[in-house]
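# Fold and contact review
Below, each chain spelled out in residue letters.
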Amino acid sequence: RSNSASTCPVLTKFQKDCATPTPYLRNVANAIADDMRAGLAVEGGGDLDMILTYVDALPSGNEEGLFYALDLGGTNFRVRSVQLGGKKKRVVATESEQISIPQKLMIGTSEELFGFIAAKLASFVAKEKPSRFRLEEGRKREIGFTFSFPVKQTSIDSGTLIKWTKGFKVSGMEGKNVVACLNKAMEAHGLDMRVSALVNDGVGTLAGARYSEEDVMIGVILGTGTNACYVEQKHAIPKLQSKSSSGTTIINTEWGGFSKVLPKTIFDQEMDAKSPNPGEHLYEKMISGMYLGEIVRRVLLQMCETSDLFGQFVPVKLSTPFELRTEHLCEMQADTTDDLQTVGSVLYNILEVEANLQERRRVVEVCDTVVKRGGRLAGAGIVAILEKIEKETKRMGSGKRTVVAMDGALYEKYPQYREYMQDALVELLGDKLSHIAIKHTKDVSGLGAALLAATNSIY
Ligand code: ADP
């Protein structure tokens, strides 16, 4: 392995620049913890926004009645109905539907987008079978609305859009209350429903996971983007201007915004410079699915240009930003054949290049370097939150377990990423890790949102 790298100066330097030995990871975890504290002290105090979600109570398991979840955060939106039967019967019935959002609505007007959503919601409710779902008399249908864009939350059931991301650019909505936009559209469609909780997918995941396990304290999303939410003690939040400082509340860390002490390489700097938000969200740009493939592409391109790879040949496709995706890295790293056949075919199909065995090996090394750094840094973030919780609650010290609920396709589908993340936890937490469980809680965020509608019901 060192042999092949030694003839490959770009790769050798890249590996060195990406290295995150334990002491370095410790510094990262400490720096994230510092910025968490700074963000809890004052608005904008650190890189992490540490947003107050106004979710003080997580589901207890006693919730009863019919509630809905509406999830908007990408190219699809999802609706779900959940009939809750209390402690004994739990989820009695649930039904869901996923609807893809036509491209033109993502860049149209708010009336068009929310009109479309309200219409689909109306037909979803119209199909409801009275034998399975029953709304208590005198009640409106209540919704937990998962809206995964940056929002300035103003109460549990309202918040203004800070900015659109992920390809959305709906006119005239920034600075507007997103719940009011939805309400207006529902009214226009004669739909008598109300939003009782506005949350993001991290909070939804935390709430959904808590329903089946009391020890869940953190929800982490690792998908296209990344975020983490956790249960904080109110007395540890100086910026919280409320009379009561007892009890807990959920903080949405927006940890992707962290940008200090990170192992930045020239490739990260170049990718960042071309991004819509240069200098910001560097943590997200190193650990989340949207970017891992792109970093690898940039390294491979440089290797080609210096003849470290593919001889004199520079594949045209390798010059196209985001052509190589994280899914492709995952596919290549899963290759166990002696001659790396899958790596060969991915390179052929995606980059239109025929690679020999040594070249295939080098490509895998680049993937591994990027994924190792990403997984380890994600682990450092989780440690920062675990240690903050421990500092305020001493729960592990008293023998209690703490569960971290994980979701997102990057975490779910990339085993090497998960293993590197686990390594970081082992290195940083040592024996304390025996009090911690990392659990993949798949797709619970919709259930979580419906449960939060129940917890925050006006009835
Ligand atoms: P969201 O877009 O809401 O985050 P997902 O959790 O499904 O939704 O995440 C999708 C992202 O996960 C993709 O953009 C990609 O980066 C990553 N991903 C999807 N499939 C895989 C895979 N097989 N291996 C590695 N990463 C994947």
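Residues numbered from 1 in each chain as written. Predicted model: local features only at pLDDT ≥ 70, side-chain atom pairs only at ≥ 80, totals over all residues.

### Some points on the overall build of the protein chain
Looking only at helices and strands, one finds 17 helices and 13 strands in the protein chain. In terms of C-alpha radius of gyration, the protein chain reaches 23 Å, essentially the compact-globule figure of 23 Å for 459 residues. Each of the three principal axes of the protein chain carries a C-alpha extent, and together these read 75 × 50 × 40 Å. The buried share of the protein chain, reckoned over its 459 residues, is 47%. (Helix = DSSP H or I, 4+ residues; strand = E, 2+ residues; numbered from the N terminus. Rg over C-alpha atoms; globule rule 2.2 N^0.38 Å. Buried ≥ 20, exposed ≤ 12 C-beta atoms within 10 Å, placed from the backbone.)

### Details of the sheet that holds strand S4 (residues 91-100)
If you trace the five strands from one edge of the open sheet to the other, you get S4-S3-S2-S5-S8, paired in mixed fashion. Each edge of the sheet is formed by a strand with only one pairing partner; in this case those strands are S4 and strand S8 (193-199). Going across the sheet, the axis of each strand differs from the next one's by a mean of 20°, ignoring polarity. Of the strand pairs in this sheet, strand S2 (residues 64-72) and strand S3 (residues 76-85) are connected by nine bridges, and their pairing is antiparallel. When the sheet's bridge partners are listed, Leu70 is paired in S3 with Val79. (Pairing = 2+ DSSP bridges. Axes fitted to C-alpha atoms, helices over the stretch in contact; angles between N-to-C directions.)

### Points about the UniProt feature "domain: Hexokinase N-terminal" (unreviewed entry) in the protein chain
The feature "domain: Hexokinase N-terminal" (unreviewed entry), as given by UniProt, occupies residues 11-211 in the numbering adopted here. Along residues 11-211, the helical share is 37% and the strand share 27%, with 46 Å between the first and last C-alpha atoms. (UniProt positions renumbered as here; feature names shortened; annotations may be inferred.)

### Considering the nonpolar core
Phe145, Val296, Leu300, Ala380 and Ala450 are the most contacted members of the largest nonpolar core, which totals 135 residues. Examining the composition of this core, we find that 14 residues originate from one element, helix H14 (residues 357-393), more than from any other. When residues are assigned to domains, this core turns out to be shared by domain 1 (1-53 + 213-443) and domain 2 (64-199), each giving three or more. In this structure Ala450 touches Phe67, Tyr68, Ala69, Arg80, Val82 and Gly144, once residues within four positions along its chain are discounted. (Core = buried A, V, L, I, M, F, W, Y, C linked by C-beta atoms within 7 Å. Domains from an automatic or database assignment. Contact = placed C-beta atoms within 7 Å.)

### Some points on the pairing of strand S7 (residues 158-161)
Along a regular strand, successive side chains alternate from one face of the sheet to the other. Where strand S6 (residues 151-155) lies against S7, four bridges are found, and the strand directions are antiparallel. Across the sheet, the residue bridging to Lys152 is Thr160, located in S7. As consecutive antiparallel partners, S6 and S7 are separated by two residues.

### Details of the sheet that holds strand S1 (residues 51-52)
If you trace the six strands from one edge of the open sheet to the other, you get S1-S11-S10-S9-S12-S13, paired in mixed fashion. Sheet topology places S1 and strand S13 (436-440) at the edges, where each strand pairs with a single neighbour. Strands strand S9 (216-222), strand S10 (226-233), strand S12 (402-407) and S13 of the sheet are contacted by H14, whose axis makes an angle of about 5° with S10.

### A closer look at the environment of Leu452
Its place among the elements puts Leu452 in helix H17 (residues 445-455). Put simply, Leu452 and Leu58 are 394 residues apart on the chain and 7.1 Å apart in space, counted from C-alpha to C-alpha. Leaving out residues up to four positions away in the same chain, Leu452 has contacts with Val55, Gly144, Ala197, Val199 and Ala207.

### Quick notes on the packing of helix H9 (residues 266-273) against helix H11 (residues 289-305)
Where H9 contacts H11, the axes come no closer than 9 Å and their chain directions differ by 115°. For the crossing formed where H9 meets H11, the hand is right-handed. Judged by residue contacts, Phe267, Asp268, Glu270 and Met271 of H9 engage Tyr291, Glu294, Ile295, Arg298 and Val299 from H11. The residue inventory of the contact of H9 with H11, partitioned by class, reads five nonpolar, no polar and four charged. (Left-handed = near helix turned anticlockwise from the far one by under 90°. Nonpolar A, V, L, I, M, F, W, Y, C, P; charged D, E, K, R; others polar.)

### Focus on the site of the ligand
By nearness alone, 15 residues border the ligand, and Gly223, Thr224, Gly289, Cys330 and Ala409 come closest of all. Across the shell around the ligand, the residue classes break down as five nonpolar, eight polar and two charged. (Near = placed C-beta within 6 Å.)

### Quick look at unusual backbone geometry
Its identity as a non-glycine residue notwithstanding, Lys394 has a phi of 55°, on the positive side. You can see Lys394 is positioned in the loop between H14 and S12. On the neighbour-count criterion, Lys394 (10 C-beta atoms within 10 Å) is exposed. Backbone geometry at Asp443 places phi at a positive 55°, although glycine is not the residue there. Residue position: Asp443 is located in the loop between S13 and H17.

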